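Structural characterization, general
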Amino acid sequence: MDFQSILSAAAGEHGLAVNPWAAVAYLVAGVLFILSLRGLSSPATAQSGNRFGMMGMTIAVVTTLVTHVPWKTSDATNSYVGLDLVGIAEILGAIAIGAVIGIVMARRIAMTAMPQLVAAFHSLVGLAAVAVAAAAYLNPQAFGIADAAGQIYTVSRIEMGLGIAIGAITFSGSVIAFLKLNGNMSGAAIMLPGRHIINLGTLAAIIGLVAYFTVDQSPWVFWTVTGLSFLIGFLLIIPIGGADMPVVVSMLNSYSGWAAAAMGFTLGNTAMIITGALVGSSGAILSYIMCRAMNRSFISVFAGGFGADAAASDGGSKEQRPWKPGSADDAAFLMSQADTVIIVPGYGMAVAQAQHALREMGDLLKKEGVTVKYAIHPVAGRMPGHMNVLLAEANVPYDEVFELEDINGEFAQADVAFVIGANDVTNPSAKTDKTSPIYGMPVLDVEKAKTVLFVKRSMGGVGYAGVDNDVFYMDQTMMLLGDAKKMTDDIVKALNGSGH
């Protein structure tokens, strides 16, 4: 097949389906996406994984553009008479605008704000799915999904209904997640009266209307599904507390994939179907893994209120319990005399942007012959892999970073556990207190270390789960109160200046 034949086929209504080169290109892109996911499974191969993903997306976008070149047709003969330069300019202009926005955001965003950026991107994917579904509904014949009378095919109605419902839920849910992560809305669970009945009723109405849409394509059905889907996205995420936010981000990622896949069927675009299925399935698997790491189910996450009553039930007893204050000099001395130090980073480190100072502290300790390791809890931070990303940004060696199941047994042999802003994931009440809202969640066994150095802004606050941490009051624990970055900088100064 020569190039002119390819373009001629691409110009037809179903050109993509009869163009073997496009099918091959999309297959290559799909393989590259799979390799990308495989590479992103390890920090050591994450860069190559990103490159595979970029290559795959470039191939998919270019192939879509080539196979959907807008053509001018003759009204008299209904034949193709040349390229639609205006249409091409509009497409290239939209790509340029999106590229500029993406580049500017990627360059300016702080690594500590990455969870918010991910949530924002998920919202855009959901909104794009809604826009595509709306365009297809308003002009179905242009999409090749309707007969001559304008009746949308039944299978296309199913695809469209699912796509717009999932896309709208993804958009509105991601907006709430962004506001919670960015501090514009309280990270605490916001409990609406009768929320379970409202949510179940709204979901049932959406499912019923999507089913009814297959037999009646009236505008009121389509737009009611759209409106209710936007609403349920807000209602589902508002009652979810900050401690569950990593699961929410992962779950919304999965939703955005399924929305893209549904719209891929509507558009007849193989790349969207493949990519959406990969994102949807991998996000669902990750959400399942994270729920297991928290000993929670999807249903309990969506029920919301993780730790909502804990702060109230905790009472004021924590202010009455004795605790041991410490200083940067104390911490520097204890760690310099240790054989093994295990560092546990948490969201407090991210907020203070202390990762670079932490890596410098680790380097100084290693020069003194101290073995330094980093322990990462699966849900530390505000999104999956949040701590791994921050440590990688600070050039912490990959072979020093360990997941919970790989390092938890080593705390008993560690001389010092240095906890910097990680409250809920180190709380032993998850193992002993059946009344605790985090009971059953696997946690890092920092209390087994000979000495625990706990960096915390103040003794008055609690973690996102709203639960006080018994580790604060143990005999082997020294509390280092203050900003995490300043405290770590002071420890670095003490290590440099005291001759340790």
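From a predicted model like this one, the values you see are computed outputs, not experimental measurements. (Residues numbered from 1 in each chain as written. Predicted model: local features only at pLDDT ≥ 70, side-chain atom pairs only at ≥ 80, totals over all residues. Heavy atoms only, no water.)

A separate point is unusual backbone geometry. Of note in the backbone geometry, Q353 takes a positive phi value of approximately 55° without being a glycine. Following the sequence through the fold, Q353 ends up in the loop between α15 (347-352) and α16 (355-367). In this structure Q353 comes out as partly exposed when scored by relative accessible area, which is 43%. In this structure, N395 is a non-glycine residue whose phi angle is positive, near 65°. (Helix = DSSP H or I, 4+ residues; strand = E, 2+ residues; numbered from the N terminus. Buried < 20%, exposed > 50% of the residue type's maximum accessible area, 1.4 Å probe, protein only.)

We now examine the nonpolar core. Core analysis: the largest hydrophobic core is formed by 42 residues, its most contacted members being M160, F222, I237 and V248. At the level of secondary structure, the elements contributing two or more residues to this core comprise α6 (114-138), α7 (154-181), α8 (195-213), α9 (219-237) and α10 (245-267). In terms of residue count, α6 provides more of this core than any other element does, nine residues in total. The contacts of F222, once residues within four sequence positions are left out, are A133, A134, Y137, M160, I164 and F213. One finds A328, L391, V416 and M487 within the second-largest nonpolar core, a separate group that totals 39 residues. (Core = buried A, V, L, I, M, F, W, Y, C linked by side-chain atoms within 4.5 Å. Contact = heavy atoms within 4.5 Å.)

Among the five residues that make up strand β8 (residues 477-481), four are buried, leaving the element largely enclosed by the rest of the structure. Bridge analysis of strand β7 (residues 451-456) against β8 gives five bridges, and the strand direction is parallel. If you follow L453 over to β8, its bridge partner there is M478. (Pairing = 2+ DSSP bridges.)

Attention shifts here to helix α17 (residues 386-393). Buried within α17 we find H386, M387, N388, L390 and L391. Tucked into the core, α17 has its buried residues touching α6, β3 (340-345), α15, α16, β4 (371-376) and β5 (401-403). The positive-phi residue at the C-terminal boundary of α17 is N395, with phi of around 65°.

Our next topic: the packing of α7 against α9. Where α7 contacts α9, the two axes come as close as 7 Å, and the packing angle between them is 30°. Regarding α7 and α9, the two cross each other, and that crossing is right-handed. Contact with α7, carried on its side by M160, I164, A165, A168, I169, F171, S172, G173, V175, I176, A177 and K180, involves F222, V225, T226, S229, F230, I232, G233, F234 and I237 of α9 and no other residues of that element. Taken together, the residues that form the contact of α7 with α9 break down as 15 nonpolar, five polar and one charged. (Axes fitted to C-alpha atoms, helices over the stretch in contact; angles between N-to-C directions. Left-handed = near helix turned anticlockwise from the far one by under 90°. Nonpolar A, V, L, I, M, F, W, Y, C, P; charged D, E, K, R; others polar.)

This part is about the side chain of N388. Among the secondary structure elements, N388 is positioned in helix α17. Only 3.4 Å separates the side chain of N388 from the side chain of E403, close enough to count as a polar contact. Look past the residues within four positions of N388 in its chain and what remains in contact with it is P43, I376, V401 and E403. (Polar contact = N/O pair within 3.5 Å; in protein donor to acceptor, adjacent residues only side chain to side chain.)

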